[in-house]
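Structural overview for review
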Amino acid sequence: KQEVTQIPAALSVPEGENLVLNCSFTDSAIYNLQWFRQDPGKGLTSLLLIQSSQREQTSGRLNASLDKSSGRSTLYIAASQPGDSATYLCAVLDTGRRALTFGSGTRLQVQP
Amino acid sequence: NAGVTQTPKFQVLKTGQSMTLQCAQDMNHEYMSWYRQDPGMGLRLIHYSVGAGITDQGEVPNGYNVSRSTTEDFPLRLLSAAPSQTSVYFCASSFRDRGRRTGELFFGEGSRLTVL
């Protein structure tokens, strides 16, 4: 059974810092990996999608990498802003494209 | 573009009552799914569908039923609500075979259910 772990569970940084969120998964047979953002009381917003054949994806100040063989992904946020404060979740899709397995998330607080 | 729409946003039930959470998407996605989100447990898959007329169980299906009569709609039914079903429920959809967009999941805003 696929298991996804995110470290750290919570993170507080001053505005302007670059930061890295970590995600690891136990079964490397994945179709893709997604990073989501969730604001309190809201749904999930897709940030980046990395297909299993890709190594990284970038969107603005966000960069996500994928090392499928070692079962790891990182989300890099450059020049963090208070508006980046949210919970960030990673999830992996199985090769049958049927089920997404989520990590428990990293709760990020960016201090002004 | 509405995306994924869930109703109701909030609901309070008594133990033993039944209800249906509605989910509709207007993106012509083949894949639809229901998740529940509980503190400390993350999101867990309840049921999913890969197309109209096809449904299957996820990780935590007990106490829930689904059907998929159209591409757009995927309702989740609670047959006899229990306090353990108090949670936030999310519906999500995606393409199943669309190149690099395959599997990119779009979520509704969630339905917060309390069972007394």
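Report on the accompanying structure.

How each quantity is defined
- Residues numbered from 1 in each chain as written.
- Chains lettered and ligands numbered in written order.
- Predicted model: local features only at pLDDT ≥ 70, side-chain atom pairs only at ≥ 80, totals over all residues.
- Heavy atoms only, no water.
- Disulfide = S-S within 2.5 Å.
- Helix = DSSP H or I, 4+ residues; strand = E, 2+ residues; numbered from the N terminus.
- Buried < 20%, exposed > 50% of the residue type's maximum accessible area, 1.4 Å probe, protein only.
- Pairing = 2+ DSSP bridges.
- Core = buried A, V, L, I, M, F, W, Y, C linked by side-chain atoms within 4.5 Å.
- Contact = heavy atoms within 4.5 Å.
- Polar contact = N/O pair within 3.5 Å; in protein donor to acceptor, adjacent residues only side chain to side chain.
- Buried area = accessible area lost by both parts, 1.4 Å probe.
- Salt bridge = Lys/Arg side-chain N within 4 Å of Asp/Glu carboxyl O.

A look at the state of the cysteines
Across all of its chains, the model carries two disulfides over all chains by this definition. Between the sulfur of A:C23 and that of A:C90 lies a disulfide, 1.9 Å long from S to S. One disulfide, between A:C23 and A:C90, carries an S-S torsion of 70° and so falls in the right-handed class. Linking A:C23 in strand β3 (residues 19–25) with A:C90 in strand β9 (residues 86–94), this pair joins segments that are 67 residues apart in sequence. A relative accessible area of 2% places A:C23 in the buried class. Here B:C23 pairs with B:C91 through a disulfide, and the sulfurs are 1.9 Å apart. Measuring the twist about the S-S bond at about -70°, one finds the B:C23-B:C91 disulfide to be left-handed. Taken together, the residues span a long stretch of sequence, with B:C23 in strand β3 (residues 19–25) and B:C91 in strand β9 (residues 87–94) at a distance of 68 residues. Of the two residues examined, B:C23 and B:C91, each falls in the buried class.

What about the pairing of strand β5 (residues 44–51) of chain A?
Residues and elements named next belong to chain A. Pairing geometry for strand β4 (residues 30–38) and β5, over seven bridges, is antiparallel. Residue pairing for β5: F36 is matched across the bridge by S46. Linking two consecutive strands that pair antiparallel, namely β4 and β5, is a turn of five residues; a positive phi of about 75° is found at G41 within it.

Digging into the nonpolar core
Most often, soluble globular proteins have nonpolar side chains that are buried together. Core analysis: the largest hydrophobic core is formed by 22 residues, its most contacted members being A:F25, A:L33, A:W35, A:L75, A:I77, A:Y88 and A:L108. Going through the elements one at a time, β3, β4, β5, β7 (62–67), β8 (72–77), β9 and β11 (106–111) of chain A are the ones with two or more residues in this core. Residues in contact with A:L33, not counting those within four places in the same chain, are A:C23, A:F25, A:L48, A:L49, A:I50, A:L66, A:S73, A:A91 and A:V92. Within the second largest apolar cluster, 19 residues are counted, among which are B:V4, B:M19, B:W34 and B:I46.

Quick notes on the side chain of B:Q25
All names here are of chain B. Counting through the fold element by element, Q25 comes out in strand β3. Looking at Q25, the relative accessible area reads 3%, which means it is buried. Reaching out from Q25, the side chain makes a polar contact with the backbone nitrogen of N28 at a distance of 3.2 Å. A polar atom in the side chain of Q25 sits 3.0 Å from the backbone oxygen of H29. Beyond its immediate sequence surroundings of up to four residues, Q25 is in contact with G3, V4, M32, R68, T71, E72 and S93.

Details of the interface of chain A and chain B
Between chain A and chain B, the residue contacts involve 23 residues of the former and 22 residues of the latter. Both faces considered, chain A and chain B share a buried interface measuring about 1,800 Å² in area, 47% of it formed by carbon and sulfur atoms. The tally of links between chain A and chain B comes to one salt bridge. For B:E59, the salt bridge is made with A:K1, and the minimal N-O distance between the two is 3.3 Å. Put simply, chain A and chain B have four residue pairs in polar contact (both at pLDDT 80 or more) between them.

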